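Chains, contacts and geometry: an overview
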Amino acid sequence: MMSKSKLLLLSSVLFCATVIAQDIQSFEINGLKVILKQNTASEIISAKMFYKGGVTILTEDQAGLENLTLLVAQKATKNYPKEKLNAELESMNSQISSTSNLDFSSLNLLCVQQNFEKSWDIFSDIILNPLFSEEDLNLERNKVIANVKQVNDNPDAYLQKIATQEFYIDHPYAVSVNGTEATLSSFTIEDLSDFHSRRLKTSEMLLVVVGNVSKSDLEEMVNDSFGKLERGNFKPELPTEVKHAEPSIKIVKKELPTNYIQGTYSAPSRGTKDGYTMLIMNSILRDRVWEEVRTKRSLSYAPSAFYRANFSNYGAIYVTAVEPDTTIKVMIAELEKLKSNPISESELNNKIRQFITFYYLGNETNQAQASNLAFYELSGVGYSEAKNFFNHIKKITPQDIQNVAQQYIKNLQFVMIGNPTSLEVSTIMY
Amino acid sequence: MTKILKHILLLHIFIVLSAFSYAQKYGITTRFLDNGLEVIVIENHSVPLVTVELDVKNGAYTESPEYDGLSHLYEHMFFKANEKIPSQEAYMERMRELGATFNGTTSEERVNYYITFPKDSLEQGMVFMYDAITSPLFLEEELINERPVVTGEYDRNEANPFFHLNRAVSEKVWWEYYSRKNVIGDREVILTTTPEKMKIIQERFYVPNNSALILAGDVKPDEGFALAEKIFSGWEREPNPFDQYKIPEHPPIPENEVVIVEQPVNAISMMYQWQGPSVGKDPKATYAADVLSFILSQQTSKFHKDLVESGDALSVNFSYYTLNHTGPITLFAQTTPEKFNACQKALFEELEKMTDPNYFTDEQLQNAKTILTTNEQYARETASQFVHTVGFWWAVAGLDYYMNYIDNLNKVTREDIINYLKTYVVDKNYVLGVLTSPENADEIYLTLNIKKGELKNDVEK
């Protein structure tokens, strides 16, 4: 028989799931899939045009090309020369930006409802008719090169860069999202323009809109803007899972007041059964390393555990510590405990309850909801699965947690930036 | 009707009346408890969560040198044993039972603590926060354990090159009372502190009439006020700490100064800093400051075109940080080593142009007001973050300042902006910090016409 506390937990979980799932619709116009979540309670509208494929469609020589193309495209368009484009956006404070990651890129619009049509006109013109001037290319190129170089100045950013490189060796993700000084310097106006034309096909795109917009209005706007685009026949292939056969450690010597450390392991992609279990397992792991490393032993300010959201995914333990040897051993002991001892029902129930909070905190804004729906869709799970989040979470058992820990937490790829005075490498090969 | 029942009924009417009479815009409703605690409810039913935040008027500004960094250490101790929760482990366990996520922050003029949880945990969550703020134990063992954690945070800050630039500039801008702007504090003070010092901070500042309780999210004002009354009324009012512990005024920067900070960096960063207005003394200047910052952030502005589109700077920003005890005005620019000379000259030329009545257009002035107004609208979408914004304004400027902020921004004129610049920036002493790699440092010294070790000089225009 189910305990009273579990019943109470499940009823609140189901209630919450109902609230978040309402009013999501999808339709297709000229091969462009559109996901619309009507949120009549909000005056803010988020529209995001996603470009599928991420770095997997780029060669090594093209590293950073999509990111740079989107940045330069926002500077001026056929119908909105630079001065007019900036003046119009500033007069409404409608915000247009772009993001690129390993799996996809997006052009993002955020505006208040009363400015949606006018803002959409600019947003769609950036997608369809960017001007790509030499001057804008050079300005944006210099900024991106400076940012790429500055990653090395910040130990946390540098650690993430090296850890990702080391983990995804010989993988499609080995191509840098932002590019390198060499690739960025090589791009010409023609490269950007050609790349833009090649990507402008509805099968390569996905539009997600969240806000107070009716389906009929949106259909009309999408049809007017993108109804005549070429469809293409793009079918993205999901990148393969990484499997390291051996544990490893790479030490990057740098004079720092503390050592920055990350140990990375293969993990299931989100939205799968193992992915939901890994979400909970990782959160329990994060609590435990916090308690053992920070609360009980005062070894670090920032012990943590990550579970990323890449389509080919990884999890990691992370810490900054002046005594890396002792600290990593404590963290590895926690990994081992997760594999050898099932967690208690009460720890699992409390964690699931905490996930109600995490989930909603991650979905407070229309922008966040748009990104979440797109992730489900682009990862191949399907946007409608977003509403089943709590149904999957509530079915997880202590045995599932243990199985996932045993299956995935192995062959950690460690990266350490700093200058450790002592380190027993053999004991952290896990 | 019994006397008690009558009392309860009267109390209820008072709560309801108060809630309505203080009903304000932005979904914000406030009232005071008898002990002086200001209770603020921010209604937002978009997700079924509530955030409970406690804000205290404490932080670096209350710290004499022997307390440098202890507001921050105190913030860490909040999440440890109290009379109801015997240890930090038990504390964390209780958080998980509530389904809560939590954190705290310390800044110059505000310390805040917040937990977010499903709405059915509201009462228990408020009790939890009450116990934490009213009955911390400051166990010697927990304090000793926490010292290396805080210095670990210090280590992480020191690993960031910008920390060194900020500190070098701050030490000179706030030269007389640096501890009162130094949030992270002094390592030695942190490593030698005692439970007694923690108790002193508690007795002085952690009193209801120096604090605010903010409930944000899926909560109705009546429910929030009734629970606040029930749970927080027992917290006893004490004398206003600032009657006894006065905050000294920062004396002006005596002369222009330059400080070169050498760190392993790729770009060159320049930070000019002036002493700006105090919101309590010159609120009008703070509105003008914000409007000017948002004029200059526009891509159509002369400022952006002359500095960024010209290619001299990679990025540039002119901002004012609102504080009640002298907020800094900062001009920050990043450039490449090759462009450093051109960039620093261009920055000076731009500063000189700013008081020209035609420096910005009417449209840019109006756009700045629109941007500030809409940004507030965007911010209110996220109840769990907006609560921190409201708490900040409550501590630094008072809630009325925030509630009337947009109206006052809309009154800012071109003359107000010029007055602000003339009062705080033009021909006023500043500190310039330059962050550079050691390899490029010699070139920087040469360009600025100063010698290594002689870091005091007027910059040549």
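Here is what the cut-offs are and how they apply
Residues numbered from 1 in each chain as written. Chains lettered and ligands numbered in written order. Predicted model: local features only at pLDDT ≥ 70, side-chain atom pairs only at ≥ 80, totals over all residues. Pairing = 2+ DSSP bridges. Helix = DSSP H or I, 4+ residues; strand = E, 2+ residues; numbered from the N terminus. Axes fitted to C-alpha atoms, helices over the stretch in contact; angles between N-to-C directions. Parallel < 35°, antiparallel > 145°, perpendicular 65-115°, else oblique. Contact = placed C-beta atoms within 7 Å. Nonpolar A, V, L, I, M, F, W, Y, C, P; charged D, E, K, R; others polar. Domains from an automatic or database assignment. pLDDT = per-residue confidence, 0-100. Core = buried A, V, L, I, M, F, W, Y, C linked by C-beta atoms within 7 Å. Buried ≥ 20, exposed ≤ 12 C-beta atoms within 10 Å, placed from the backbone.

**Examining the sheet that holds strand 10 (residues 313–321) of chain A**
Residues and elements named next belong to chain A. Read from one edge to the other, the open sheet built from five strands follows the order 7-11-8-10-9, with strand pairing classed as mixed. Edge positions in the sheet fall to strand 7 (248–253) and strand 9 (304–307), since each of these pairs with one other strand and no more. Averaged over neighbouring strand pairs, the angle between their axes works out to 15 degrees when direction is ignored. Sheet analysis places strand 8 (residues 259–267) next to strand 10, joined by nine bridges and oriented antiparallel. Looking across to strand 10, one finds that Gln-262 is bridged to Tyr-318.

**Describing the packing of helix 11 (residues 283–296) of chain B against helix 18 (residues 414–424) of chain B**
Relative placement of two packed helices is described by the angle separating their axes and the distance separating the axes. Residue and element names in this part refer to chain B. Their axes nearest at 9 Å, the elements helix 11 and helix 18 cross at an angle of 105 degrees. By the angle between their directions, the pair helix 11 and helix 18 is classed as roughly perpendicular. For the pair helix 11 and helix 18, contact is made by Lys-284, Ala-285, Ala-288, Ala-289, Val-291 and Leu-292 and by Asp-416, Ile-417, Tyr-420, Thr-423 and Tyr-424, respectively. Across the contact of helix 11 with helix 18, the residue classes break down as eight nonpolar, one polar and two charged.

**Here we look at the domain arrangement of chain B**
All names here are of chain B. Domain assignment breaks chain B into domain 1 (24–239) and domain 2 (257–448). Taken together, the contact pairs 33 residues of domain 1 with 30 residues of domain 2. Across the side of domain 1 that touches domain 2, the residue classes break down as 16 nonpolar, eight polar and nine charged.

**Observations regarding the interface of chain B and chain A**
Contacts between chain B and chain A engage 50 residues on the former and 49 residues on the latter. Put simply, the parts of the chain that give the side of chain B that touches chain A at least two residues each are helix 3 (88–98), strand 5 (111–118), helix 5 (140–158), helix 14 (362–380) and helix 15 (383–396) of chain B. Within the side of chain B that touches chain A, the residues separate by chemical class into 18 nonpolar, 21 polar and eleven charged.

**Comments concerning the confidence of the model for chain B**
Residues and elements named next belong to chain B. Per-residue pLDDT for chain B averages 91, and the proportion of residues at 70 or more is 92%. Here residues 1–23 is modelled with pLDDT under 50, and outside its nearest four sequence neighbours on either side it reaches 16 contacts, counting other chains as well. With pLDDT under 50 throughout, residues 456–461 is counted as low confidence; its partners more than four residues away or in other chains account for ten contacts.

**With respect to the nonpolar core**
The biggest cluster of nonpolar side chains holds 188 residues, and the ones touching the most others in it are A:Val208, B:Ile40 and B:Ile42. The element best represented in this core is helix 10 (residues 273–296) of chain A, accounting for nine residues. Once residues within four sequence positions are removed from consideration, B:Ile42 is found in contact with B:Gly27, B:Ile28, B:Ile214, B:Ala216, B:Ala383, B:Phe386, B:Val387 and B:Val390. B:Tyr287, B:Leu307, B:Ile417 and B:Leu435 belong to the second-largest nonpolar core, a separate cluster that totals 55 residues.

**A closer look at the sheet that holds strand 8 (residues 268–275) of chain B**
Residues and elements named next belong to chain B. Pairing in this open sheet of five strands is mixed, and the strands run 7-11-8-10-9 from one edge to the other. Each having just a single partner strand, strand 7 (257–262) and strand 9 (315–320) make up the two edges of the open sheet. Pairwise comparison of adjacent strand axes, ignoring direction, gives a mean angle of 15 degrees for this sheet. As defined by bridge partners, strand 9 adjoins strand 10 (residues 328–335) across six bridges and the pair is classed as antiparallel. Its bridge partner lying in strand 10, Tyr-320 is registered against Ile-329. The strands touched by helix 6 (residues 161–173) are strand 7, strand 8, strand 10 and strand 11 (431–436); relative to strand 11, the strand with the most contacts, the crossing angle is about 160 degrees. Where helix 11 meets the sheet, its contacts fall on strand 9 and strand 10, and the angle it forms with strand 9 comes to roughly 170 degrees.

**A look at the domain arrangement of chain A**
Residues and elements named next belong to chain A. Splitting chain A by domain gives domain 1 (11–226) and domain 2 (248–428). Domain 1 and domain 2 are separated by 28 Å when their C-alpha centres are compared. Listed per partner, the contact involves 37 residues of domain 1 and 30 residues of domain 2. Taken together, the elements giving at least two residues each to the side of domain 1 that touches domain 2 come down to helix 1 (4–21), strand 1 (24–29), strand 2 (32–38), strand 3 (44–52), strand 5 (104–112), helix 6 (155–167) and strand 6 (205–211). Residue contributions to the side of domain 1 that touches domain 2 peak at eight residues, all from helix 6. Here the residues of the side of domain 1 that touches domain 2 are counted per class, giving 24 nonpolar, seven polar and six charged.

**Points about the pairing of strand 1 (residues 28–32) of chain B**
All names here are of chain B. Along strand 1, four of the five residues are buried, which leaves the element largely enclosed by surrounding structure. As defined by bridge partners, strand 1 adjoins strand 2 (residues 38–43) across five bridges and the pair is classed as antiparallel. Paired with Phe-32 across the two strands is Glu-38, which belongs to strand 2. With antiparallel pairing between neighbouring strands as the criterion, strand 1 and strand 2 make up a hairpin whose turn holds five residues, including Gly-36 at a positive phi of roughly 95 degrees.

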